[in-house]
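Structural features, examined
If you want the building blocks of each chain, they are given just below.
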Amino acid sequence: MPITQQAKTAITAAALIAAILSSSACSYSTKDEPPKVNSVTPAGTFAGSYYEKNSITDKEGKYWIPLKPAAASIGYRMKDDTSSGGYTKLGYTDVMYMLRPDSSQVFSLGQKLTLPEVPIRRDGQIYITPTSLSKLLQTEVGWNPSTGEINIAAPSDREAGVNTATGDAAKPFRIQSVSNVDTGELVAYAKKFLGVPYDFGAGPYEETKRFDCSSFTRYVFKKFGVDLPRLAKDQDNIGRRVSRSELEPGDLIFFTVPGRFESDAVPGHVGIYIGDGKFIHTWGDPGVQISELDTGYWSNVIIHMQRVL
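Quick caveat: nothing in here was measured; it's all calculated off a predicted structure. (Residues numbered from 1 in each chain as written. Predicted model: local features only at pLDDT ≥ 70, side-chain atom pairs only at ≥ 80, totals over all residues. Heavy atoms only, no water.)

1. Considering the sheet that holds strand E9 (residues 111–114)
Each strand in a sheet pairs with another by means of backbone hydrogen bonds, the pair being arranged parallel or else antiparallel. The antiparallel open sheet is built from five strands, whose spatial order is E5-E6-E7-E8-E9. Here the strands that pair on one side only, and so sit at the sheet edges, are strand E5 (77–80) and E9. Along the sheet, successive strands turn relative to each other by an average axial angle of 20 degrees, direction set aside. By the bridge criterion, four bridges tie strand E6 (residues 88–91) to strand E7 (residues 95–99) in an arrangement that is antiparallel. Across the sheet, residue Leu90 finds its bridge partner in E7, namely Tyr97. Against the sheet, helix H3 (residues 130–137) makes contact with E7, strand E8 (105–108) and E9, and its axis sits at roughly 45 degrees relative to E8, the strand it touches most. (Pairing = 2+ DSSP bridges. Helix = DSSP H or I, 4+ residues; strand = E, 2+ residues; numbered from the N terminus. Axes fitted to C-alpha atoms, helices over the stretch in contact; angles between N-to-C directions. Contact = heavy atoms within 4.5 Å.)

And the structure:
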């Protein structure tokens, strides 16, 4: 049977896609091509690009790179816990990825995964292969051992559990009936922590006397019998959406981190609305603070508001 022009076009497109995908484990550039600040991966997504001068090649010919500059190239913080059994944590305002040297088991966007090569510690740094880094971040990683160029695509919203097709559709799930919570008391309680230092990936407040954005909201709500998940992206799945005009004290407000993900629909920060156009949250210095919601930086990066009470 003769092949139609439409079928020929589909075959050609499939062959092109296959060729592109087959190159994703290789270099994104030639030896003479300088890295780009905003590189593009074979799949067409934007990537952080940098030169790595401290890479190593083991006896088996595997290429290893330090984890910290790789994470920094896409804007992530890294907290390396060298204590016995401690996890190294990566993320933005929340911890999104955790791993330990000499263990193939990692946590990535709430999932437990097994890496193909086990991260190692060498000269005080954690080293990882690009293939393992790709699996940890659930994104594309390209590299050129000849030049040291590394390209890491912005982590995809698909792996973070965001359904972009539904947009801001209301989520009816409620964790429990807590209608008797006095939101005024909740706001007053949250304000007691003004000035408490911010610490990325903060441990339990009782031990560290520090918060990150989602551990703060979780700690405040737990006082009133509401057990929120640990991460902002998971807290976003609790309760129901409300509009700005419906916003009430005690509602959670989620913010995007522009350019951090393939879609700006992924929450990178969370705070608690306290009324009068203000919200309380923790972010850098001076730690727990009150900010304006409708003016300034935060007004431009709101994703949505969520009611859990």
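2. What about the sheet that holds strand E10 (residues 120–122)?
Pairing is antiparallel across the open sheet formed by four strands, whose spatial order is E3-E4-E11-E10. Unpaired on one side and paired on the other, strand E3 (56–57) and E10 mark the two borders of the sheet. The pairing of E10 with strand E11 (residues 125–128) spans three bridges and is classified as antiparallel. Residue Arg122 lies in a different strand from E11, and its bridge partner there is Gln125. Sitting on the sheet, H3 is in contact with strand E4 (63–66) and E11, with an inclination near 95 degrees to E11.

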